[in-house]
Amino acid sequence: MRTVFYFLLLLPLSLACTLAGVVKKAAESQGPFTLTSSDSKTQLTLPGGWREEKQLNDIAVLQAAHSFEEMYIVVVRANKQDYADDITLKDFVELTRTDVIANLQEPQSTDPVATKVADYPAMEYRLDGIVDKIKIRYIYTVVERSNYYYQIITWTLPSHFDRNQTTLRQVTQSFRELKSD
């Protein structure tokens, strides 16, 4: 009787784990897809398993997640007209970096380094911090275009970073500005 009880107790857990694996494999088998902003100005190409999100950031023009792997991305656009005429990409990065760091508990950041995203000038840094008692590791990239700065913010849990960072960087590199004002 005791064996039957344990079997019945473990059966739902086993089925739930199996179902989660099946759902994850089905989502990832969908293949890459293009996510375009509602104003058709920007896009990302996302691998299978990712889904468009609407609740990650109130001002993001693009946002998506791969929930099973704890990977997230948001793209925030800042109009250059709203900043001093002499602001540089480096200045903008330092300005926004200071704001982001101020909103984290126990922040730690690498120095920003120059890079390119789709041949666009960009700067990238890694940022660790705690949000609502959860440790987060970000890859924060700022892309400069003629009329806008785009903040491409990806994140995952520190325990997932080694396996997720390549995908997060690929998704960042897929960013494209389709139209500019």
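Details of the structure are given in the entry above.
Residues numbered from 1 in each chain as written. Predicted model: local features only at pLDDT ≥ 70, side-chain atom pairs only at ≥ 80, totals over all residues. Heavy atoms only, no water.

Enquirer: Please clarify how unusual backbone geometry should be interpreted in this entry.
Expert: Trans peptide bonds make up the majority, and among non-glycine residues the majority have a negative phi. The backbone of D119 sits at a positive phi, close to 65°, despite the residue not being glycine. Topologically, D119 is positioned in the loop between strand 7 (113–117) and strand 8 (120–131). (Helix = DSSP H or I, 4+ residues; strand = E, 2+ residues; numbered from the N terminus.)

Enquirer: What am I meant to see in helix 2 (residues 89–102) here?
Expert: In an α-helix, one turn spans 3.6 residues, which is why side chains three or four residues apart end up on the same side. Taking 1.5 Å per residue, 14 residues should reach 20 Å; helix 2 reaches 20 Å between its end C-alpha atoms and fits that length. Turning to helix 2, its buried residues are L89, F92, V93, T96 and R97. The buried residues of helix 2 all sit within an arc of 125° when viewed along its axis, so they share a single face. Across from the buried face of helix 2, at angles greater than 90 degrees, the exposed residues are K90, T98 and A102. Where helix 2 is buried, its residues contact strand 5 (71–79), strand 6 (105–109), strand 8, strand 9 (134–144) and strand 10 (148–156). (Expected span 1.5 Å × (residues − 1). Buried < 20%, exposed > 50% of the residue type's maximum accessible area, 1.4 Å probe, protein only. Arc of directions from axis to C-beta. Contact = heavy atoms within 4.5 Å.)

Enquirer: Hey, could you run me through the pairing of strand 7 in this one?
Expert: Consecutive residues of a regular strand have side chains that alternate between opposite faces of the sheet. Here strand 7 pairs with strand 8 via five bridges, running antiparallel. Residue A114 lies in a different strand from strand 8, and its bridge partner there is M123. From the end of strand 7 to the start of strand 8, which pair antiparallel, there are two residues, and A118 there has a positive phi angle of about 55°. (Pairing = 2+ DSSP bridges.)

Enquirer: Just to check I follow, could you spell out helix 3 (residues 161–173) for this structure?
Expert: For helix 3, spanning 13 residues, the distance from its first C-alpha to its last is 17 Å, which sits close to the expected 18 Å at 1.5 Å a residue. Buried within helix 3 we find F161, N164, T167, L168, V171 and T172. Relative to the axis of helix 3, the buried residues are bounded by an arc of 140° and lie together on one face. Across from the buried face of helix 3, at angles greater than 90 degrees, the exposed residues are D162, R163 and Q170. In this fold, the buried residues of helix 3 make contact with strand 2 (42–46), strand 5, strand 7, strand 8, strand 9 and strand 10.

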